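Okay, here's what each chain looks like letter by letter:
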Amino acid sequence: MAATPASPADSSTSEARSKADLKRLRRVASTSFMGTAMEWYDYFIYGLLAALVFDELFFPSFDPEVGTVLALLSFGIGFIARPVGAILFGHLGDRIGRKNTLIVTLLVIGLSTGIIGLLPTFDTIGFAAPILLTTLRFIQGLSLGGEWSGAVLLAVEHAPAKKRAFYGAMPQYGSPAGTLVSSAVVTLVTLMPEDQLMSWGWRIPFLLSFVFLAVALYMRLRVEESPVFTDVVQTQVAEKAAKTNRKPLPVIEVFRHAWRSVLIVVITVLFASGGFFLMTTYAVNFGTAELGMEPWKLLVATMVGAVLEAIGIYIGARMGDRWGAAKTVIFGGVVALVLVIPIALMLGSGVEVLVIAAVALGIGVLGIPYGPLGTMLSELFSARYRYSGVAVSYNIGGLIGGFVPSIAAALAIALNGSVIVIPLLLGAIMLLCVVGGLLAARVLANQKETIAA
């Protein structure tokens, strides 16, 4: 019997549904990008200004080199908070939903960053100034501990199977976008006369966070909840009605059932924080303090690097949908390892153009493994504790990586400012990325569960 052809009404309905699905997916992608872009902007301006002016504004009673290390350590404090925030917001994300949790993380980091721009400095209130600064930095870290992972899951869980890496990379674009905007804003304020920069100009990048918060919050309120989380809730309701045993806390389930995946993620993602901040926060300080370069030139290098990173993310995301996320992470790590040698030679030359190129290249090459990273992490954890799994493991790696700039600064003191510090640490970090990608690929090859499960 011949199949009944679809009626014009059925075709029209199907087309309308497809358009609605595409519109919803694009809205999820754009809000994931915008939210993480704002979060990373807030996070990056702290790192840049910590390297440039915070030693004088908040740690002036110390030796200049020690003040720089302390300023960079205050930058690292935010990374201590990230695993704590990951547990808190990971739990909320697995219990009350991705969307609601992401609204909270956005509010927390936007307000804490804006308030930094209102802080009195050491000259005004003494040691209370660095204490308040460090406290707000800790709060920033709490928020970021839940933001990136939630934004990735929202995008990946909405996306069709063959485009998960592409849409899962949308939050990753927030990193170069945040770098580009933060570097541009900080570059502009550093062009101010020094007395104006030190008195009020440094506050401008932080106060702009209030504006970005309003825009990002409006976009995030309009997005729909993840369909995967909706399915999880329905399953939990059915289990409760059937009076089955109550599930333990999501973070407990993570370490009970997926501790191997946690370890794999930790060593893999070090490049996303340690490698990145080595090539931005520490490299800016290295170029100004060791090579005598003007700050704006190094900030231009980070902006060029951000553009290259965005290109790398796009390439990595496309490759992730074709090859698989884990294989692409491995490939990106190998490419970065190969480029460590020319980066070392360019930095060692002391030629400003080559130093700028080295910093830009070092940032840009991180984009290839970063593009499919969120999709790979999402695939490693079960849906019922996925938010907690991704958030906790990613931010433990972030905690370790966040101290790379201060480790580099201390190592440079021990080696009398040796230029080998950057390529040495970058090479070690990218080697771990390759090893982690290989282990992840092995786990995923034997795994039957899908993103939607």
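None of the values given here were measured: they were computed from a predicted structure. (Residues numbered from 1 in each chain as written. Predicted model: local features only at pLDDT ≥ 70, side-chain atom pairs only at ≥ 80, totals over all residues. Heavy atoms only, no water.)

The subject of this paragraph is the overall build of the chain. Across its full length, the chain holds 22 helices and zero strands. For the chain, contacts bridging at least 24 residues in sequence account for 86% of all contacts bridging at least 6. As displayed, the chain offers around 18300 Å² of accessible surface, 68% of which is attributable to carbon and sulfur atoms. (Helix = DSSP H or I, 4+ residues; strand = E, 2+ residues; numbered from the N terminus. Contact = heavy atoms within 4.5 Å. Areas by Shrake-Rupley, 256 points an atom, 1.4 Å probe, with all protein chains shown as cover.)

Here we come to the nonpolar core. Ranked by internal contacts, the top residues of the largest apolar core, which has 119 residues, are F54 and L373. If you tally residues by element for this core, the top one is helix 1 (residues 8-52), at 15 residues. (Core = buried A, V, L, I, M, F, W, Y, C linked by side-chain atoms within 4.5 Å. Buried < 20%, exposed > 50% of the residue type's maximum accessible area, 1.4 Å probe, protein only.)

Contact geometry for helix 14 (residues 270-289) and helix 21 (residues 404-414): axes closest at 8 Å, N-to-C directions at 60°. One finds that helix 14 runs oblique with respect to helix 21. You can see that helix 14 and helix 21 cross each other, and the crossing is right-handed. Along its contact with helix 14, which presents G274, F277, L278, T281 and Y282, the element helix 21 presents V404, P405, A408, A409 and A412. The class makeup of the residues in the contact of helix 14 with helix 21 is eight nonpolar, two polar and no charged. (Axes fitted to C-alpha atoms, helices over the stretch in contact; angles between N-to-C directions. Parallel < 35°, antiparallel > 145°, perpendicular 65-115°, else oblique. Left-handed = near helix turned anticlockwise from the far one by under 90°. Nonpolar A, V, L, I, M, F, W, Y, C, P; charged D, E, K, R; others polar.)

According to the stated counting rule, one finds seven salt bridges in the structure shown. For R220, the salt bridge is made with E147, and the minimal N-O distance between the two is 2.8 Å. Taken together, the residues R220 in helix 10 (residues 204-221) and E147 in helix 6 (residues 128-158) connect sequence positions 73 residues apart. Given the relative accessible area of 2%, R220 is considered buried. Residue E147 is classed as buried on the basis of its relative accessible area, which comes to 1%. Taking the shortest distance from any N to any O, the salt bridge between K297 and E294 comes out at 3.7 Å. (Salt bridge = Lys/Arg side-chain N within 4 Å of Asp/Glu carboxyl O.)

Put simply, the chain has an average pLDDT of 84, and 87% of its residues get 70 or more. Averaged pLDDT values for the elements of the chain fall to 63 in helix 11 (residues 227-241) and rise to 96 in helix 18 (residues 367-370). (pLDDT = per-residue confidence, 0-100.)

Turning our attention to the packing of aromatic side chains. Scanning the model with the defined rule gives eleven aromatic pairs in all. Summarising the aromatic geometry, the rings of F58 and W202 are spaced 5.8 Å apart at their centres and angled 90° between planes, so their arrangement reads as edge-to-face. Here the residue F58 occupies a position in helix 2 (residues 54-58), and W202 occupies one in the loop between helix 9 (194-199) and helix 10, the gap between them amounting to 144 residues. Exposure class is identical for F58 and W202. Each is buried. With a centroid separation of 6.5 Å and an interplanar angle of 15°, the aromatic rings of W148 and Y370 are classed as stacked. Remark: Y370 occurs in helix 18 and W148 occurs in helix 6; sequence separation between them is 222 residues. (Phe/Tyr/Trp six-rings, centres within 6.5 Å; stacked < 30°, edge-to-face > 60°.)

Let us look at the environment of K162. Along the polypeptide, K162 turns up in the loop between helix 6 and helix 7 (164-168). A sequence separation of 160 residues divides K162 from R322, and the C-alpha atoms of the two residues are 8.4 Å apart.

Right, let's get into the packing of helix 13 (residues 259-268) against helix 22 (residues 421-445). Put simply, helix 13 and helix 22 touch, their axes get as near as 7 Å, and they point 150° apart. For the element pair helix 13 / helix 22, the angle class is roughly antiparallel. As for how helix 13 packs across helix 22, the hand of that crossing is left-handed. Of the residues in helix 22, those touching helix 13 at I264, I267 and T268 are L432, C433, V435, G436, G437, L439, A440 and V443.

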